[in-house]
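Okay, here's what each chain looks like letter by letter:
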Amino acid sequence: MKLYGSYKQNPLLEDKYDVILIGSGLGCLTAAVFLSEQGKKVLILEKHYTPGGFTHTYTRNDYEWDVGVHYIGEVHRPQSIMAKLFHYIAGDELQWADMGEIFDRIVIQDREYSLHKGKANYIEQLKRQFPLEEDHIAIDKYIQAVFDCTKTANNFFAEKAMPNYISMFVGNSMRSGFLKHAQKTTLEVLQEITDNKELIAVLTAQYGDYGLPPSKSSFAIHATVVKHYLSGGAYPVGGSASIFNSIAKKIIDKGGKVLVSAAVEQILIHKGKAVGVRMKDGKTISANIVISGAGLHNTFKKLISDDELKLQSFKKQISNLKSSYGHLSLYIGLKYTADELGLNKANIWYYPNGNDHDQAVQNFMSNPMENEFPVVYISFPSAKDPKFSERYPGRATIEIVSVIPNDFFEQWNDTRWKKRGEDYEDLKEVLAQRLLKHLYRFVPQIEGKVDFYELSTPLTTKHFANYQRGEVYGLDHTPERFESKFLKPSTPISQLYLTGQDIVSVGIGGALMSGVLTASAILNTNLVEKVMKS
Ligand SMILES: Cc1cc2nc3c(=O)[nH]c(=O)nc-3n(C[C@H](O)[C@H](O)[C@H](O)COP(=O)(O)OP(=O)(O)OC[C@H]3O[C@@H](n4cnc5c(N)ncnc54)[C@H](O)[C@@H]3O)c2cc1C
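Here the structure is a predicted model, which is why all the values come from computation and not from measurement.

Enquirer: Please clarify how the overall build of the chain should be interpreted in this entry.
Expert: The helix and strand inventory of the chain stands at 21 helices and 19 strands. Compactness check: the chain gives a C-alpha radius of gyration of 22 Å against a globular reference of 24 Å for 534 residues, within 12% of the reference. Oriented by its inertia axes, the alpha-carbon framework of the chain measures out at about 65 × 55 × 45 Å. Looking at the chain residue by residue over its 534 residues, the buried ones come to 61%. Long-range contacts, defined as pairs at least 24 residues apart, comprise 74% of the intrachain contacts of the chain with a sequence gap of at least 6. Accessible area for the chain stands at about 21800 Å²; split by element, carbon and sulfur atoms hold 48% of it. In the chain, the 61 positive side-chain charges and the 60 negative ones have mean positions that sit 7 Å from each other.

Enquirer: How should I be thinking about the nonpolar core in this particular structure?
Expert: Across soluble globular proteins, you tend to see nonpolar side chains buried next to one another. Counting residues in hydrophobic clusters, the biggest one holds 173 residues, and the most contacted among them are L45, F86, I247 and L343. Residues in contact with L343, not counting those within four places in the same chain, are A338, F380, A383, A396, I398, V443 and I446. Core analysis: the next-biggest nonpolar cluster, separate from the first, contains six residues, Y58, Y63, V67 and Y331 among them.

Enquirer: Please explain helix α4 (residues 133–150) as it appears in this structure.
Expert: An α-helical turn contains 3.6 residues, so any two residues separated by three or four positions project in the same direction. Helix length check: α4 (18 residues) gives 26 Å between terminal C-alpha atoms against 26 Å at 1.5 Å per residue, within 8%. Those residues of α4 that sit buried are D135, H136, A138, I139, Y142, I143, A145, V146, C149 and T150. Next to the buried residues of α4 lie α3 (119–129), α5 (153–160), α6 (164–182), α7 (186–193), α8 (197–203) and α9 (219–229).

Enquirer: Looking at this structure, how should I read the site of the ligand?
Expert: Inspection of the region around the ligand gives 35 residues, with E46, G68, H70, Y467 and Q501 positioned closest. Y71 is positioned with one of its backbone polar atoms (N or O) 2.9 Å from a nitrogen atom of the ligand. With the chains in place, 97% of the 1000 Å² that the ligand exposes on its own is no longer accessible. Only α1 (26–37), α18 (458–465) and α20 (508–523) provide two or more residues apiece to the shell around the ligand. Counted by class, the shell around the ligand contains 21 nonpolar, twelve polar and two charged residues.

Enquirer: Hey, could you run me through a nonpolar patch on the surface in this one?
Expert: Side chains of Y165, I166, M168, F169 and V170 sit close together on the surface and give an oily, nonpolar patch of about 570 Å² of accessible area. As for its placement among the helices and strands, F169 is situated in helix α6. On the basis of relative accessibility, which here comes to 68%, the residue F169 falls in the exposed class.

Enquirer: Quick question: what am I supposed to make of the pairing of strand β4 (residues 57–60) here?
Expert: Within a regular beta strand, the side chains point alternately toward one face of the sheet and then the other, so they alternate between its two faces. Bridge analysis of β4 against strand β5 (residues 63–66) gives four bridges, and the strand direction is antiparallel. Note that in β5 the partner of Y58 across the bridge is W65. Taken together, β4 and the strand that follows it, β5, pair antiparallel across an intervening segment of two residues, in which N61 is found at a positive phi of about 50°.

Enquirer: Help me understand the pairing of strand β13 (residues 284–292), please; the structure alone is not making it clear to me.
Expert: Where strand β2 (residues 16–22) lies against β13, six bridges are found, and the strand directions are parallel. Bridge assignment links K16 to a residue of β13, and that residue is S286. In terms of strand pairing, strand β12 (residues 273–279) meets β13 through three bridges, oriented antiparallel. Of the residues in β13, the one forming a bridge with G276 is S286. Counting the residues in the hairpin turn of β12 and β13 gives four residues, including G282, whose phi is positive at 95°. Relative to strand β19 (residues 496–498), β13 is paired through three bridges, and the arrangement is parallel.

Cut-off values and rules
Residues numbered from 1 in each chain as written. Predicted model: local features only at pLDDT ≥ 70, side-chain atom pairs only at ≥ 80, totals over all residues. Heavy atoms only, no water. Helix = DSSP H or I, 4+ residues; strand = E, 2+ residues; numbered from the N terminus. Rg over C-alpha atoms; globule rule 2.2 N^0.38 Å. Buried < 20%, exposed > 50% of the residue type's maximum accessible area, 1.4 Å probe, protein only. Contact = heavy atoms within 4.5 Å. Areas by Shrake-Rupley, 256 points an atom, 1.4 Å probe, with all protein chains shown as cover. Lys, Arg positive; Asp, Glu negative; His and termini not counted. Charge placed at Lys NZ, Arg CZ, Asp CG, Glu CD. Core = buried A, V, L, I, M, F, W, Y, C linked by side-chain atoms within 4.5 Å. Expected span 1.5 Å × (residues − 1). Near = heavy atom within 4 Å. Polar contact = N/O pair within 3.5 Å; in protein donor to acceptor, adjacent residues only side chain to side chain. Nonpolar A, V, L, I, M, F, W, Y, C, P; charged D, E, K, R; others polar. Patch = residues over 30% accessible without salt bridge, like charges linked within 9 Å, V, L, I, M, F, W, Y side chains within 5 Å. Salt bridge = Lys/Arg side-chain N within 4 Å of Asp/Glu carboxyl O. Pairing = 2+ DSSP bridges.

So this is what it looks like as structure tokens:
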């Protein structure tokens, strides 16, 4: 079955669709399944030549890497909401490989800790690594705080899909429980619990999963991520592209269409109502409903014309929400199998500067060439994927991710991909070598065996995912973000809806839920309830 076509090759388009979705990220894909199931004719328009948003993979020199999926929580527990939702939208074809007992290794300079799967086990193993009685009390309090926060999340997010006339009466009470936790920073909550800086550093070591250090991030995102991985990590069998491949089949089965190389230039609005889109080549396509999964800033700053009066105050509110940091990803290929190289499934979170994550980020962001990376995240996809060797026999891959200021490569903003010049390539090489040096510390056996590596920068993210500041995770997960009531599917423009990480949270879980919420808002049904009952 052909899963997608190219817009550039003159696809057969209908005059009008029920729903046009901008972007083929997981939020749009999820919404498209639910909407097409209800008989809506959907068209997904993706700017990139590969579909899937951050779930897509890229190949080079006979290697394949994930660009935005390293591990996912909950999906390998069949009774969890995540597993059930994924099963509903992707069917049996999408399978998950459990990463095993230890899913994250945390290394602070030369001190190593590990996170173990399963709530009781996670707590017990953490206490083993922090043997003092006072630390045990702190760990118990901390886990309680994580659960106190996350148990209020369902109401908070469900409110986003409610029609305004209901939300007017019950909205504030549905939001208030979660907001109480979201308004505090992660550091504030942790400092109320313990003054052991090393323990705080370990408990917040997954901050890279949401992109903001403890003094800046909302405790809500921290608690959400920690709870998400409490039952361990899992990896999509066949690599992250299997997420799109399995979901797209469902959409196409119901008559939906996915087009790549299909950049939307403008959302067409007539008398305050979205009526379709204009493509980069000037062609217009009509629709009863337009859903944008292209990110909040993209949608309102780039895709909607400035003279939309209805949006003036809305746009002002939006400009208060900052984009997340940029990131570097180093993609590495080796002509040996993961087994031959002795690569493990567990991710490594390395903190070369010590246990003050905030100071490390501040130092690095002020001068990346003089200061050490604040965090180096290392993932071993070929060790995690039981089918990797079937697709790429005799090969292994590794991915390293770190942060970088959004504007670090600003001087090359106006250059073209692959043609940015020698000085850009030289700078990338320096950064790549710095990352490789850290990698060899953990897997010295691969030194001298690396066959291929390539570094992506915020300019790569901008080019391929269209995030204008090259931001890694859309909007920053600050307390202000969670206070922004307008981050929800419906917008001030009638028949224009939002989906994707910006309206829920970063992550495969957040994007999945965003699609469910957007479809729920459009169909005026609680789809989570429907799926859980099915
Ligand atoms: C380096 C990295 C590592 C990550 N690791 C993990 C992980 O291990 N686990 C996890 O759970 N999450 C991870 N994430 C986060 C997760 O991948 C994202 O939060 C999620 O996939 C975002 O989904 P989305 O629906 O918001 O859409 P996105 O994936 O952001 O896709 C948006 C799509 O819209 C398209 N688009 C934009 N503008 C236009 C336009 N004008 N016309 C047409 N199309 C347009 C873009 O090209 C893009 O394909 C990671 C992200 C990154 C960057």
